[in-house]
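# Fold and contact review
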Amino acid sequence: MITVSAHRRRAGRRPLALIAVLTAGLLLTTACGPEDPGFAVPESVAAGATGTGTAAAAAPGHKKPATGDVPYDVTPLLKPSRKYLGTALDDVPAKLDPLSSFTAMIGKQPNVVEYYASWGDGFDTAGVRRIYEAGALPFMAWEPHSPSMAAIAAGETDDYVRGVAKAAAKLNLPIAISIAHEMNGDWYPWGRQAASAADFVGAWRRIHDIFDRAGATNVIWVWSPNITVPAPNTRLAPYYPGDTYVDWAGMTGYFTLTGPKTFDTLYGATMAEIRAFCKKPFFISETASQQGKRQRADIDQLFTGIETHDDIVGFVWFNMVKRADWRIETSPPSLADYKQRVSDPRYGFDIRNP
């Protein structure tokens, strides 16, 4: 992901298929994700996931019978009255201890937890359930390191996608999914240097359609380009799959030591360009501030900018070490500022009762 820089057809709600992986990006323009840990799930676990139990006992509007026959309605989660407070943490969702520690540290439970999965991984049924039962929305960044986007668009991986879609539908819990994030950059094997915009759109629509046919309408589809600062000459409109295939317009954009210093200079041009062809809510899919003398000012810029824009539904703070140390706890003054800002009641809510 880039540091300087950083979905669903509505006919009855989009399907879900999710697992994501963050790979390295260039420091000034790439968001830093962890190496893919692999999320193959035993058949016995996947087969037993029916959407029942604690996770199924959701809030009003989300209740479903023990059979799980009623698709989870994610509509209330698309434009909530409060903003999402998200994070990405090491070792999650394999275990949730890091989430508990982060919650205690910042004084509030994050309600979006992003994780990364490689193309070809199994669907992490148990991990998604753990995140949901903690009161947070699982957000899978699905990374097609191989095969190519053209191959995916041509249907060469349809059987795999179908399997993930069926597992997501059977689990029947809300999940956000992005596919090939930061496709407008050149630091990933699915980026502009390796795949055309037509390949990307074709692959996205094919995957989305397979999810729909599988009944996986419990997915929030997050189209997630990198901010245009490091790639100003690559237009975003050709990469847009269309309003019926997208729920949120995500953005990856990080505050770095030598990059843009304000919210507007970091995100403004990207938001303006997207608004020319897309009216979907914005979601900052990855952000953080590099350690240094500007970090406290960066935190103020981030929160003030989000609060200024009603069409930004939330953000994910990438609290890991990757190309730089993005962890908020490494600077006590910055942590204190962050904790104070997230204490605002407009941030965070139990996604089981939005």
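Scroll up to find the structure.
Residues numbered from 1 in each chain as written. Predicted model: local features only at pLDDT ≥ 70, side-chain atom pairs only at ≥ 80, totals over all residues. Heavy atoms only, no water.

## Quick notes on the sheet that holds strand 8 (residues 312-318)
- Taken in spatial order, the eight strands close into a barrel running 1-2-3-4-5-6-7-8, and their pairing is parallel. Adjacent strand axes in the sheet meet at a mean angle of 30° when their direction is disregarded.
- Packing of helix 7 (residues 197-213) onto the sheet brings it into contact with strand 3 (137-143), strand 4 (175-179) and strand 5 (219-223), and relative to strand 5 it is tilted by some 175°.
- Where helix 8 (residues 263-275) meets the sheet, its contacts fall on strand 5, strand 6 (248-252), strand 7 (282-287) and strand 8, and the angle it forms with strand 7 comes to roughly 140°. (Pairing = 2+ DSSP bridges. Helix = DSSP H or I, 4+ residues; strand = E, 2+ residues; numbered from the N terminus. Axes fitted to C-alpha atoms, helices over the stretch in contact; angles between N-to-C directions. Contact = heavy atoms within 4.5 Å.)

## Describing the pattern of salt bridges
- Taken as a whole, this structure holds twelve salt bridges when the rule is applied.
- Here Asp298 makes a salt bridge to Arg294, at a shortest N to O gap of 3.7 Å.
- Assessed through its relative accessible area of 2%, Asp298 is described here as buried.
- With a closest N to O distance of 2.8 Å, Arg341 and Asp300 form a salt bridge. Taken together, the residues Arg341 in helix 10 (residues 332-342) and Asp300 in helix 9 (residues 295-308) connect sequence positions 41 residues apart.
- Looking at Asp300, the relative accessible area reads 35%, which means it is partly exposed. (Salt bridge = Lys/Arg side-chain N within 4 Å of Asp/Glu carboxyl O. Buried < 20%, exposed > 50% of the residue type's maximum accessible area, 1.4 Å probe, protein only.)

## Points about the nonpolar core
- Grouped together as the largest cluster of nonpolar side chains are 105 residues, with contacts concentrated most on Tyr84, Trp142, Phe211, Trp223, Tyr267, Phe315 and Tyr338.
- Residues contacting Tyr338, with those up to four places away along its chain left out, are Leu85, Gly86, Phe102, Ile106, Ile299, Phe303, Phe315, Trp317 and Ile328. (Core = buried A, V, L, I, M, F, W, Y, C linked by side-chain atoms within 4.5 Å.)

## Thoughts on the side chain of Lys108
- Its place among the elements puts Lys108 in the loop between helix 3 (97-106) and strand 2 (112-118).
- One buried charged residue, Lys108, remains without a salt bridge, the closest side chain of opposite sign being Asp344 at 6.5 Å.
- Within the structure, Lys108 has its side chain in polar contact with the backbone oxygen of Val342 (distance 2.7 Å).
- Once you skip the residues sitting within four places of it in the chain, Lys108 turns out to touch Leu85, Thr103, Val342, Ser343, Asp344, Pro345 and Tyr347. (Lys, Arg positive; Asp, Glu negative; His and termini not counted. Polar contact = N/O pair within 3.5 Å; in protein donor to acceptor, adjacent residues only side chain to side chain.)

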